[in-house]
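Observations on chain architecture
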Amino acid sequence: MLDNKAFGQRICLMRKNKQYTQEELGKLLGITPQAISKWEQGNALPDITLLPQLAKLLSCSLDYLLKGIHNADGYTSPYDNEYAQEDYYWGLEPSELAKQIVLLNATNQYKTILDIGSGEGRDAIYFSQNGLQVEALEISAHGIDKIQKASLMNRYNITPIHADMIGYELSSSYDIVYSCGSLQFLPPKQRLEHFERYKAHTIKSGLNAHLVFVNKPFIKPAPDWQANEYFYKSGELATYYADWEILSYQEQVIDCNSMDIPHQHAICSIIAKKVY
């Protein structure tokens, strides 16, 4: 059974994310702003014939519009069990890369960001708190659920997208395309295609920012490293952005305590700007 209140909250949040007024959305749908208001308050539902057009205007699937999740049947995450717990497995402290992005956006010149592999939403939440409109792409249903609850409870400007990043077709362009510790799930033979897609869906003067795990012979794979995770070669990440301005590029070794087992990672981060 459809939850009218939750349905209305989703419409309201996505409408604001798209920067539509109730009048503007109503005009596009051929209805009154009062009708939109009734939907958002949970006092009425749209005519079923309007649902496909409404989903298209709000850049979401019918599944997300009606149920609050994007259709991702069969998708799983190695962290599903951890994300199902009440606590946040990675905590809520944003990553250093996320902090760099917010500093670069001190003048609020950038408005929209796609966060690929959002996990439980720590960086997505931080971006929203700092004025960005966020689309949070995550394969874990439990992760998406945490992001959705935090977004609705705190009125964060976040649209959760429950989908696999592999082969995900971007339908919008963004000021920033971002990932932190998730692109190791891209098979090496598919990386170029995906990075080209991220670049093509970035506006002129927009940013791409990524953090990936790098193979180093003196560092053992992490205890929670999965069979479908693939290391990057040292220097590889920069090759995907040879035609962009590199604002920041760094490789380093960091300490980690995931699974309560002390270990290290070799990581590489990049922030690049599209100049054409």
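Before reading further, recall that the structure is shown in the block above.
Here's what I pulled together on the structure shown here. (Residues numbered from 1 in each chain as written. Predicted model: local features only at pLDDT ≥ 70, side-chain atom pairs only at ≥ 80, totals over all residues. Heavy atoms only, no water.)

1. Overview of the nonpolar core
To keep it simple, the criterion reads: Within this scheme, the nonpolar core is defined by two criteria: the residues are buried Ala, Val, Leu, Ile, Met, Phe, Trp, Tyr or Cys, and they are joined through side-chain atoms within 4.5 Å. Categorising residues by exposure relies on relative accessible area from a 1.4 Å probe, with only protein chains included: less than 20% of the type maximum marks a residue as buried, more than 50% marks it as exposed, and the intermediate range marks it as partly exposed. Secondary structure counts use DSSP, requiring at least four H or I residues in a row for a helix and at least two E residues in a row for a strand, with both numbered from the N terminus.
Counting residues in hydrophobic clusters, the biggest one holds 27 residues, and the most contacted among them are Ile-101, Ile-113, Phe-127, Val-134, Ile-158, Ile-176 and Tyr-178. For this core, the secondary-structure elements that each account for two or more residues are helix H7 (96-104), helix H8 (122-129), strand S2 (133-138), helix H9 (141-154), strand S4 (174-180), strand S5 (202-213) and strand S7 (263-273). Ranked by size, the runner-up nonpolar core spans 25 residues in total, among them Leu-186, Tyr-198, Tyr-240 and Ala-266.

2. Some details on the packing of aromatic side chains
Where we set the bar: When two rings of Phe, Tyr or Trp (its six-membered ring) have centres within 6.5 Å they constitute a pair, described as stacked for plane angles under 30 degrees, edge-to-face for angles over 60, and tilted for the intermediate range.
The full count for this structure, using the stated rule, is 12 aromatic pairs. Ring centres 5.7 Å apart and planes at 40° place the aromatic pair Tyr-79 and Tyr-89 in the tilted group. Separated by 10 residues along the polypeptide, Tyr-79 in the loop between helix H5 (62-67) and helix H6 (80-83) and Tyr-89 in the loop between H6 and H7 bring together distant segments of the chain. For Tyr-79, a relative accessible area of 14% corresponds to the buried category. A ring pair is formed by Phe-195 and Tyr-198, whose centres lie 5.9 Å apart and whose planes are at 80°; its orientation type is edge-to-face.

3. Description of unusual backbone geometry
Leave glycine aside and you will find that most residues have negative phi; peptide bonds, for their part, are mostly trans. Even without being a glycine, Asn-108 presents a positive backbone phi close to 60°. A relative accessible area of 39% places Asn-108 in the partly exposed class. Positive phi, normally seen in glycine, also occurs at Arg-155, with a value near 60°. Assessed through its relative accessible area of 70%, Arg-155 is described here as exposed.

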